[in-house]
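Here's the letter readout for the chains.
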Amino acid sequence: MRVRIIPFVVVMLLAASCGGGSSDKVRVLRLATTTSTNDSGLLNALLPAFEAEYEARVDVVAVGTGQAIALGEAGDADVILVHARAREEAFVAEGHGTVRSDVMYNDFVIVGPTDDPASIAGIPLASDVLAAIAVAEATFASRGDDSGTHSKERSLWKTAGMTSDPDAGWYKSLGQGMGSTLNYANEVGAYTLTDRGTFLAQGESLPGLQVMVGGASIDESTDPSLLNPYGVIPVNPDKGGIDAELAEVFVEWLTSVETQETIETFGVDSFGQPLFYPDSEAWRNR
Amino acid sequence: MGTLGRAFTDALGLLWNMDAALIETVLLTLQVTLVALVIALAVGIPIGAAIGLTRHLPGRWLIVPLIYTGMGLPPVTVGLFTYLVLSNQGPLGGLGWLFTPSGMIVAQTIIAFPLVVGLTMAAVQGVDPNLPVQMLSLGATRRQVATVTLLEARVGVTAAVVAAYGAIISEVGAVMLVGGNIEGETRVLTTAIVLETRKGNFALALSLGIILLSLAFLTNFAFHRLQVHQGVR
Amino acid sequence: MTATYELADVRHCYGDRCVVDIPTLEVRSGEILGLVGPSGAGKSTLLRLLNFLETPTHGLITYAGVEIGGDASLATRRDVTTVFQRPMLLRRSVAANVRIGRKLHGLDTKDGSTERWLEKLGLTDLADAPARTLSAGEAQRVALARALVVEPSVLLLDEPTGNLDPYNVGLLEEIVRSENAERGTTIIVITHDVFQARRLADRTGLMVSGRMVELAATEAFFSAPQQPQTAAFVRGDLLI
């Protein structure tokens, strides 16, 4: 046994030496977040300012909401930034996080094939639209990945008076990210629920899809339940190995008016509208 | 430790209960893997043998490096290529194979094919070059020479089969892209593992991984028995 | 007596270098012809030509009265077989290695011939042994059985006993001689062992640098060589 352990130990030591070398002085914040904040480019626009100001490095782990929360539960992240209100509250209630703060919101839209086989265009409420899709048995693509978007979709099915994740041939549970799900919907002519930001960012490669519910921008949205709030939660320092102090600093910085202003302008140049709308307490009270 | 331990009990539990969704996923995994493997072998072994047996192959200087490169093809690239070809705008969009097991089989076959050709070629080249001469002198036809040489190289050819099988069954990038990981339609073990990991269901993901490994082990065990049975030592 | 082979102006050249250059040669049906000569004299190449494994670059080989231009027919090729110095055995059992000869020809393999040849060559006890585990002598006996099981009209032997001990040499020579006597098989044997040539061959030829220097009845070849090179070879001098 001893002989077999030695190479393992050597490999671990080598791996440790690779990771450790450069980060002697710089503090590292482990941020677990959803793909939407990272893929949209928002974090790249925001984080350098934080890193410069606090001489810290932010390691972003961009995963599904489910995994981001699991990382927090395991103490493998210092702070989480996600969008699944009920699960965020449960995360705090179960003692995994200290306190949840509002950060920003964007909104969801329902997109679908331009020929609209379920004739849903013009229906104002998302839940009614889902009911209509079910009646027409039109193909619906679900993220099916326990993400924040998937959670929202489930609650919409419930509002529509149906079981979530319908077990039917027209309901395709993909278990993939938003981008892949949109590509799928575009290819096969399916409806899907998406956050507006990803749809805008991917717009050019989705010629077969158009917004069915939600209008051209958040101001034209006809269904308030489609709002998509993001929250930030420092992980409970009791888990050990958590840089609670830096996490607190990060939350304060992220919700500060100055950072919120950056959020408000992000994406306007490219898409003619913001991808995220600031919504922190400090911003609302400014 | 908790997650690891739970993964093993979960895996046993899933198998014990014959979870319907799991059985479906396992069966599809095997179906896609085996069909792709059979196609890759049926086409790849003769081609690999032909390249290995042809002494003065024109263009060998180009063909062989191309095959070796193909053996290291990034599966995601193959997936992307297959995706674009099978997409509505692609040349074979009319087949309607995107997001179906057929499309996944296409991608997996492309991934396995260079492995089969390259390893078969190497195995055949490893056979004593005097063997074909001896067989010809015993009155063998060209085809018989090829067959005898392949049988002689069976250890290496079996390695080609095993490598191709391993590459396909453990592949995730291409089947995710081309299949779409649709529940009940194109979800295989690897894409299910990715999904459960993303959901934060680490124990379930790991137990799926254990099932995948067990499948691979059982198949490789069978391959090995076959090798031993062939009198290889 | 008819001729098994007639060679007319046969040359086999790589560019300017001809490794075989034989203006005329007749191999008689049912004879044992010994070929001696230094390494690189073209003996093995000549055997490959006679086995139709290669086509001579010039000249014509007539086999059993049929001119072979280009590739020989499968039937003609199957009339002739070679036992090489190094027995190329398959990674299978001894019996399977003997059987392969008949298998390749599409002949019945359950006619008892395999077992008969195994017994003749003292291999019955080794029938199920993996061929790759045999000693050199055993392996060469398998190679000879594999060649004879197809009942060839011509048996070509390329230094078949070069690596073997006297016991195995004697056994192989005995089999070759009886094959020749009983079935009238034409046999051409390349050997470095002049004593073997004397023991086996009806006629013996000396090849040097691709040419047949002298070809004569074995007794005359050794006792009264006509060419100085032959005389030197018989004496054991080095030929250059």
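To be clear, the structure that these remarks concern was listed above.
Quick caveat, the model's predicted, so the values are computed rather than measured.

K.L.:
Explain the packing of helix α4 (residues 75–86) of chain B against helix α5 (residues 101–125) of chain B residue by residue, including any values.
P.N.:
Between two packed helices, what matters for the description is the angle formed by their axes and the separation of those axes. Residue and element names in this part refer to chain B. Relative to each other, α4 and α5 sit at 135 degrees, their axes nearing to 9 Å. Viewed along their axes, α4 and α5 adopt a mutual orientation that is oblique. The hand of the α4/α5 crossing is right-handed. Where α4 abuts α5, its residues P75, V78, F81, T82 and L86 lie against G103, V106, A107, I110 and I111.

K.L.:
I'd like a rundown of the pattern of salt bridges, residues and numbers included.
P.N.:
Opposite charge on two side chains lets them pair, provided their charged atoms get close. The full count for this structure, using the stated rule, is 27 salt bridges over all chains. Linking E88 of chain A and R100 of chain A is a salt bridge whose minimum nitrogen-to-oxygen distance equals 2.3 Å. Of this pair, E88 of chain A sits in helix α5 (residues 85–93) while R100 of chain A sits in the loop between α5 and β4 (101–113), placing them 12 residues apart in sequence. Summarising the burial analysis for this pair, E88 of chain A and R100 of chain A share the class buried. Ionic pairing is found between E185 of chain B and K172 of chain A, a salt bridge with its closest N-O pair at 2.4 Å. Note that E185 of chain B is positioned in the loop between α9 (173–179) and α10 (189–198) and K172 of chain A in strand β6 (residues 171–173), a pairing that runs across two chains. Look at K172 of chain A and you get buried, because its relative accessible area is 13%. One salt-bridge network, in which partners are shared between bridges, spans R85, E88, E89, R100, D102, D279 and R284 of chain A.

K.L.:
Any chance you could break down the interface of chain A and chain B for me, citing the residues and the numbers?
P.N.:
Chain A puts 18 residues into the contact, and the matching count from chain B is 19 residues. Taking both partners together, chain A and chain B bury about 1600 Å²; carbon and sulfur atoms supply 47% of that area. Interface area lost by chain A to chain B is led by Q67, Q176 and E187 of chain A, which between them contribute 35%. Where chain A packs against chain B, one counts 1 salt bridge. Linking chain A with chain B are 11 residue pairs in polar contact (both at pLDDT 80 or more). Looking at the side of chain A that touches chain B, the elements with two or more residues in it are α4 (65–73), β6 and α8 (178–188) of chain A. If you tally residues by element for the side of chain A that touches chain B, the top one is α8 of chain A, at 4 residues. By residue class, the composition of the side of chain A that touches chain B is 4 nonpolar, 10 polar and 4 charged.

K.L.:
Which residues make up the nonpolar core, and what are the values?
P.N.:
Counting residues in each nonpolar core, the largest one holds 47 residues, and the members touching the most others are L22, L37, L131, M135, V148 and L189 of chain B together with L104 of chain C. Mapped onto this core, the elements with two or more residues apiece are α2 (20–53), α5, α6 (130–137), α7 (142–152), α8 (154–169), α10 and α11 (202–229) of chain B together with α3 (94–104) of chain C. Excluding residues within four positions of it along the chain, L189 of chain B makes contact with L22, T25, V26, T29, L208, I211, L212 and L215 of chain B.

Calculation notes
Residues numbered from 1 in each chain as written. Chains lettered and ligands numbered in written order. Predicted model: local features only at pLDDT ≥ 70, side-chain atom pairs only at ≥ 80, totals over all residues. Heavy atoms only, no water. Axes fitted to C-alpha atoms, helices over the stretch in contact; angles between N-to-C directions. Helix = DSSP H or I, 4+ residues; strand = E, 2+ residues; numbered from the N terminus. Parallel < 35°, antiparallel > 145°, perpendicular 65-115°, else oblique. Left-handed = near helix turned anticlockwise from the far one by under 90°. Contact = heavy atoms within 4.5 Å. Salt bridge = Lys/Arg side-chain N within 4 Å of Asp/Glu carboxyl O. Buried < 20%, exposed > 50% of the residue type's maximum accessible area, 1.4 Å probe, protein only. Buried area = accessible area lost by both parts, 1.4 Å probe. Polar contact = N/O pair within 3.5 Å; in protein donor to acceptor, adjacent residues only side chain to side chain. Nonpolar A, V, L, I, M, F, W, Y, C, P; charged D, E, K, R; others polar. Core = buried A, V, L, I, M, F, W, Y, C linked by side-chain atoms within 4.5 Å.

Everything listed here is a matter of coordinates, which is why it stays silent on function.
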